[in-house]
Structure formats: structure tokens, C-alpha cells
Amino acid sequence: MHTNTLAGMLADLSASRYSCRELTQSFLERIAKYDANLNSFITVDEAGALVQAEEQDLLRAKGSHGPLSGIPIAHKDIFCTKGLKTSCGSKMLDNFVAPYDATVVSRLASAGAVVLGKTNMDEFAMGSSNENSFYGPVKNPWDETRVPGGSSGGSAAAMAARMCAAATGTDTGGSIRQPAALSGVTGIKPTYGRVSRFGMIAFASSLDQGGCFAADARGAALMLSAMSGFDPLDSTSSETQVPDYTESLGERLEGLKIGIPTQFFEDGLDERIATPVRQAAKELESQGAYCVEVALPHLSLSVPTYYVVAPAEASSNLSRFDGVRFGHRCDDPKNLNDLYCRSRGEGFGVEVKRRIMTGTYALSAGYYDAYYLKAQKTRQLISQDFENAFSDVDVLLGPTTPTPAFKIGEIVDDPVTMYLNDIFTIAVNLAGLPGMSIPCGFADGLPVGMQLIGNYFSEATLLRVAHQFQLATDWHQKIAPGYA
């Protein structure tokens, strides 16, 4: 069952080849077998998942089920899930049980999805390797000495090891696309505002966006169709109508114009990544699309811009964790100042502290204009680059990451090198555009991801290109040895 796609599982359930409970039980057994080693889950809700599955069996028997009825999924532990611990990968929230569901959680539940549990992540979504979690690093199923990517590394690894049919994630600077590439699965980050952020614990509010992982583009389309749409509880939620993302998957690519940003293939890109990405572009050309070079002249400024804007917003968002209202509280505080200092000092990890301090500095009275204001102006230049590119092309194509998955511990103490791992993904968040990563080859046995970037609210086009590529190739069908 686990080797099937999400769409294939839906077909099997409709044909009564197995029940929702049997499907859920099979994934729970895989989690029990494999996850003690991979560490991709923080919480597994076996009892709750089986109850949900049985409810879906009853709804299917009555013919009143939803579009994802009985599909076992996992949620990144950044989405509030009523009655389950929502830790955000942090000691600060290790004791926090959410009293309500995030909109993403409630919409997928309404669609009939069954929640297996909550996945591991970099603390407060700050990281590119899933080594910054209070619960320990997640291992990559393709090579357990290597990282799965981050911050949604738990979801990506769980999907790569086929311990769920699909999983949610969030993407602030590449945190869906980068782990999707390093773990060999399909991951999509929609346009900013396409998916509600209500109940999604904030890192950087102008950049954060929910999305999903699946084995293939059709599975991602089914998930995204259920997750998306206007939410009055989220002031940044878009009222743009949501299409059925599966409807246009079968449309051919003749006449599609693909832009290849020259800056994506300059120094710094590992040739083991560049070669399969170029071959993937040729495959799309063989299907009737044609490729042209485009320029994103301010791409090199995206990393420094991001690492001013994101920490600034994080320092504000994380100020609420003060040891008073919820979350970790130090023992026997001497006074209010001691309560604040020790609760935050004990509750936050090294990377979160680094970003809070960076953001607070950038927002301070003497440096706001020099850093934060200048970063916002540069952000507009980056957005303008994309606007210019999309005046000539329909989709942008390039690598998702500059290298294959690196070893656990290899660069954890080198934050600059770690930050540069997101060089190809960060600009998409700064502009608020949709992007996705799909498997397109291997580099010394490790997955390689191709990134597709679209204009605002063009998720359907990205999914169509990905689907047509996956019809002609089998990279997305590969499962890590030992997990097939």
C-alpha cells in the first residue's frame, strides 16, 4: 500500500481493495518500524488516527465522504492541532497542547484526511538541515548520515520513507522545497496568502507560507486543493478563487515558455546538480515547451536581505514567549526580569537566539534605516526582477539546492555556509511567489531536485509542468533502499 500514490490510494479505497483503517494501520506499522532511527516524528497519535480512520470508513459506506477520505497524513509540528502537543521543535513549547486547530488542519480534516502525528522540524522553523530541533536531528532515508533538509525535514523524511501518504510543511525561505529536493519527494509552496496562516506558529509573518509534500504532483494538487482558500481569521489570506488543481494536470506543454535564470547556474552550483537539472529542462523541451535564458540580477542580494527581514520579524513574533502565559517557565524565578531572562534562555536553542539577537539589532533605533529599511527596498528590487522575467516567460526553472544533502554535523557550526544553502529558494519568498521542487535525478546516490517558480497564483501551471515531467520520468517513484 505504501508504494502507491495518494491518488492511487483514493482509487483503492473507492474500490474497497482495503479499508481506511487498514491503510492507516499499515502506515502506523511503518512508523513503528522505521522512525526510531529516522526521528521524523515528534508525536504519533496511533489511537486518534485509528478512530479517525474508522469514522472515514463509515462515511465512505454512507457515500458522504470528502475528497481525501481515509488518506493518512502527517502535520509539521508548527500547525496547532487540538488535543496534540504542538512544540514547533522547541523546548519552549514542549509542554504546549494546542486548544484549537489551525485552519490547514481543520480543512484537511474536513476533506477526510487522517492525522498520523506531528513531524520533527528545526526549532521555530529556523534552519536548513533539521539539526536545530530540541528533539534531535532528523536523518535522510537515502543516507542516514546526512540531513533531510529543513526546516520541514521531518515531513520530507517521513514522506521519503513512505511513512505517510502526504504531509504538510511551511516555507519561509525554502523550507518545503529544499527538504523536498534533498529527500527526493515533491513539495510545493504556494503564493503568499493562498493558504491560511491561522494557527501556524509564526516565524516571519511576511514570508511564512504553508504547503505540502507528496510522492507526486497529482498528490500535491489534491492536498493543495483541500488546504487553500480565503480565511477570515487570517488578515493576509487572499480572496483569489481557488481552482481544482487536478483539472489542468493533463494539459500538454506545447508552447509553454520556460525561463532559465542565468544566475542559477553560476559559480557555486555543484555540477552534479546542474547536469540533471539541464537534462530535465531538455525533457520538457521534448514535450513542446521551449527554454530561454532570463536574468535575475539581484538574486545575490536575496540571502543578506532575507537574513535581515526574517530575523527582524522573528524577534517581534517570538517576544510573546516570556514564561508568563504559556510555554516553558524557569523554576523559582527571583523577580520578573529573572523570569523573562531564564525562561527565554532555557527555552530557546542557539539558532533561535542568534536570529532574535540579529533581528533586534536590525530594528534598534540607530540601525533601522541602515539595515531593515534598506533590506525592504532591496526586497522590492528582487520582486521587480521576477516581474520582469514573467513578462516574457510562463515558468522559471532551475536547481532547488546548490549541493546534494550534506552530512549531519558537517556545517552546523558554520551559519553562513548553512544560510547559503537556500540561495535558490529565498528570493521566491521575498517576492511572495509560488514554487515547487520535484525529483529529477541523483548525485552519487542522493536525490536532486528541480525547482519550478511561477507568477502569482499560478500553482496550477507549476503542478501541470511537474505532472507532465513525471509522466515521462520515474525519478519521483524511487524510494530509498531499505524503505521500499
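This one's a predicted model, so the numbers in the text were calculated from it and none came from an experiment.

Chemist: Would you mind going over the pattern of salt bridges with me for this structure?
Modeler: Between side chains of opposite charge, a pair can form when the charged atoms approach closely. The final tally for this structure, using the stated rule, is 16 salt bridges. With a shortest N-O distance of 2.6 Å, Arg 272 and Asp 444 are connected by a salt bridge. Placement of Arg 272 in helix H8 (residues 271–286) and of Asp 444 in the loop between strand E10 (435–443) and strand E11 (446–454) is noted, with a sequence separation of 172 residues between them. Given the relative accessible area of 36%, Arg 272 is considered partly exposed. Via salt bridges that share partners, Asp 270, Arg 272 and Asp 444 belong to a single interconnected network.

Chemist: Honestly, the pairing of strand E4 (residues 166–170) in this entry has me stumped. Any pointers?
Modeler: For a regular strand, side chains alternate in direction, first toward one face of the sheet and then toward the other. The element E4 is extensively covered by neighbouring structure, given that five of its five residues are classed as buried. Here E4 shows no split at all, with Ala 166, Thr 168 and Thr 170 on one side and Ala 167 and Gly 169 on the other all buried. Inspection of the sheet shows strand E2 (residues 72–76) paired to E4 by two bridges, in the parallel sense. Each bridged residue has a counterpart across the sheet, and for Ala 74 the counterpart in E4 is Ala 167.

Chemist: Any chance you could explain the layout of surface pockets here in plain terms?
Modeler: If a probe as big as a water molecule is rolled over the atoms, it shows which places are left empty. As a volume, the largest pocket reaches approximately 330 Å³. Surrounding the largest pocket, 14 residues form its lining, Tyr 100, Met 200, Ile 201, Ala 202 and Arg 320 being those nearest its centre. Taken as a whole, the second largest pocket holds about 250 Å³ of empty space. Taken together, 19 residues line the second largest pocket, and the ones lying closest to its centre are Glu 131, Asn 132, Val 350, Glu 351 and Val 412. Among the elements of the structure, helix H11 (350–363) and helix H13 (415–420) are those that each provide at least two residues to the lining of the second largest pocket.

Chemist: Explanation requested: the side chain of Gln 209 in the structure shown.
Modeler: Relative to the helices and strands, Gln 209 resides in the loop between strand E5 (186–189) and strand E6 (210–214). Taking the relative accessible area as the measure of exposure, Gln 209 reaches 0% and is therefore buried. Polar side-chain contacts of Gln 209 include one of 3.2 Å to the backbone nitrogen of Arg 194.

Chemist: What am I meant to see in the sheet that holds strand E7 (residues 257–261) here?
Modeler: Hydrogen bonding along the main chain pairs the strands of a sheet, whether they run parallel or antiparallel. In spatial order, the strands read E1-E3-E2-E4-E6-E5-E10-E11-E9-E7-E8; together these eleven strands make up an open sheet with mixed pairing. The sheet is open, and its two borders are formed by strand E1 (41–44) and strand E8 (290–294), each paired with just one other strand. Averaged over neighbouring strand pairs, the angle between their axes works out to 30° when direction is ignored. In this structure, strand E9 (residues 395–399) lies alongside E11, joined through five bridges in antiparallel fashion.

The rules behind the values
- Residues numbered from 1 in each chain as written.
- Predicted model: local features only at pLDDT ≥ 70, side-chain atom pairs only at ≥ 80, totals over all residues.
- Heavy atoms only, no water.
- Salt bridge = Lys/Arg side-chain N within 4 Å of Asp/Glu carboxyl O.
- Helix = DSSP H or I, 4+ residues; strand = E, 2+ residues; numbered from the N terminus.
- Buried < 20%, exposed > 50% of the residue type's maximum accessible area, 1.4 Å probe, protein only.
- Pairing = 2+ DSSP bridges.
- 1 Å grid on protein atoms, 1.4 Å probe; cavity = no way out; pocket = protein on both sides within 12 Å on 5 of 7 lines; lining within 4 Å.
- Points joined across faces, edges and corners; volume = space filled by probe spheres on them.
- Polar contact = N/O pair within 3.5 Å; in protein donor to acceptor, adjacent residues only side chain to side chain.
- Axes fitted to C-alpha atoms, helices over the stretch in contact; angles between N-to-C directions.

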